[in-house]
Amino acid sequence: LSDCLTEASERIRLDWLAVLYEVHLAEPERAHSLNERLLALDPENVRARRAVRRSLAQQEDRDEYLRFLKRSLDRESHAPLEELTILCQIAECYEVLGDERSAERFWRKTLRLSPDFLPGYQGVGRAVQRRGRWSELVTPYRKELQALDAGSPARIDVLRRLAELYDLRVDRPEIAAN
């Protein structure tokens, strides 16, 4: 019983200290270290997990950030919205690193989780465009167009991109005119 109380009190102590260092003392490195220790004891601690994710996102070490996000995704059960958020963060990280193939793979995972997820279609579109796969770009643009409200001004930009794609890249100017 005393071991159980000791571990529980250590988790509480680490949690409290991490918040103190992060929020009140503005010492993010110390807070990160405390949150990492807390996660070693309590991997399901949502506050610590989010704090470490925020901390790693602000650092320049994208590879470490990716490893943390992937461990979070593999190890924990998530609400669908949280899983969607983690998948987006992984995809965005791959985009920053210039790994378009991996970015596209994770954007597509967001779409399997939420088929109407507009940022997912936009991410797939960016990845496909950067890889020069022009004929495949039509589908994400059309899905993006479908996801936007009929009166949305953003539709104009998507229609413009579709027209340019048909006219200049896919060599179908007759479709671009419509």
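Everything that follows concerns the structure shown earlier in this document.
What comes next is a walk through the structure. The structure presented is a predicted model; accordingly, all values stated were derived computationally and were not measured. Residue positions are given per chain, counting from 1 as you read along its sequence in written order. For this predicted model, a pLDDT threshold of at least 70 governs which residues receive local features, and a threshold of 80 or more governs which side-chain atom pairs are given and counted, while totals over whole chains, interfaces and linings are taken from all residues. Water and hydrogen atoms were dropped before computing side-chain values, which therefore reflect all heavy atoms in the structure.

Bringing the packing of helix α5 (residues 80-97) against helix α6 (residues 100-113) into the picture now. Interhelical geometry of α5 versus α6 gives an angle of 165 degrees and a closest axis separation of 7 Å. On the basis of the axis angle, α5 is roughly antiparallel to α6. Once α5 is placed against α6, the crossing between them reads as left-handed. Residue-level contacts link P80, E83, L84, L87, C88, I90, A91, E92, Y94 and E95 of α5 to E100, S102, A103, F106, W107, K109, T110 and L113 of α6. Partitioned by chemical class, the residues of the contact of α5 with α6 number eleven nonpolar, two polar and five charged. Working convention: axes come from line fits to C-alpha atoms, limited for helices to the stretch in contact. Angles between N-to-C directions cover 0 to 180 degrees. Under the scheme used here, helices are H or I runs from DSSP no shorter than 4 residues and strands are E runs no shorter than 2 residues, and both carry numbers assigned from the N terminus. An angle below 35 degrees is treated as roughly parallel, one above 145 as roughly antiparallel, one from 65 to 115 as roughly perpendicular, and anything else as oblique. Handedness of a crossing follows from how the near helix is turned relative to the far one, being left-handed for an anticlockwise turn of less than a right angle and right-handed for a clockwise one. In this analysis, two residues are considered to be in contact whenever any of their non-hydrogen atoms come within 4.5 Å of each other. Polarity classes work like this: nonpolar for Ala, Val, Leu, Ile, Met, Phe, Trp, Tyr, Cys and Pro, charged for Asp, Glu, Lys and Arg, and polar for all others, with Gly in that last group.

A few words on the nonpolar core. The criterion is simple. A nonpolar core is a set of buried Ala, Val, Leu, Ile, Met, Phe, Trp, Tyr and Cys residues joined through side-chain atoms within 4.5 Å. Summary of the burial criterion: residues with accessible area below 20% of their type's maximum are buried, those above 50% are exposed, and those between are partly exposed, where the area comes from a 1.4 Å probe applied to protein chains only. L34, L73, I90, Y94, F106, W107 and L162 are the most contacted members of the largest nonpolar core, which totals 41 residues. Those residues within four positions of I90 in sequence are excluded, and the remaining contacts are L66, L69, K70, L73 and F106.

Attention shifts here to α6. What a helix should span is 1.5 Å times the count of its residues minus one. When the terminal C-alpha atoms of α6 are compared, their 20 Å separation across 14 residues agrees well with the 20 Å that a helix rising 1.5 Å per residue should span. Turning to α6, its buried residues are E100, S102, A103, E104, F106, W107, T110 and L111.

Running from amino to carboxyl end, α6 crosses helix α7 (residues 118-130) at an angle of 155 degrees, the nearest separation of the two axes being 8 Å. The orientation of α6 relative to α7 falls into the category roughly antiparallel. The two elements α6 and α7 cross, and the hand of that crossing is left-handed. Residue-level inspection shows E100, E104, W107, R108, T110 and L111 of α6 in contact with α7, the latter providing P119, G120, Y121, G123, V124, R126, A127, V128 and R130. Looking at the contact of α6 with α7 residue by residue, the class counts come to seven nonpolar, three polar and five charged.

For the rest of this paragraph, the subject is the environment of P140. Mapped onto the secondary structure, P140 falls in helix α8 (residues 134-147). According to the relative accessible area criterion, P140 is buried, its value standing at 5%. Remark: the alpha-carbon pair of P140 and V128, spanning twelve residues in sequence, is separated by 8.9 Å. Those residues in contact with P140 that sit more than four places away from it in its chain are Y121, V124 and G125.

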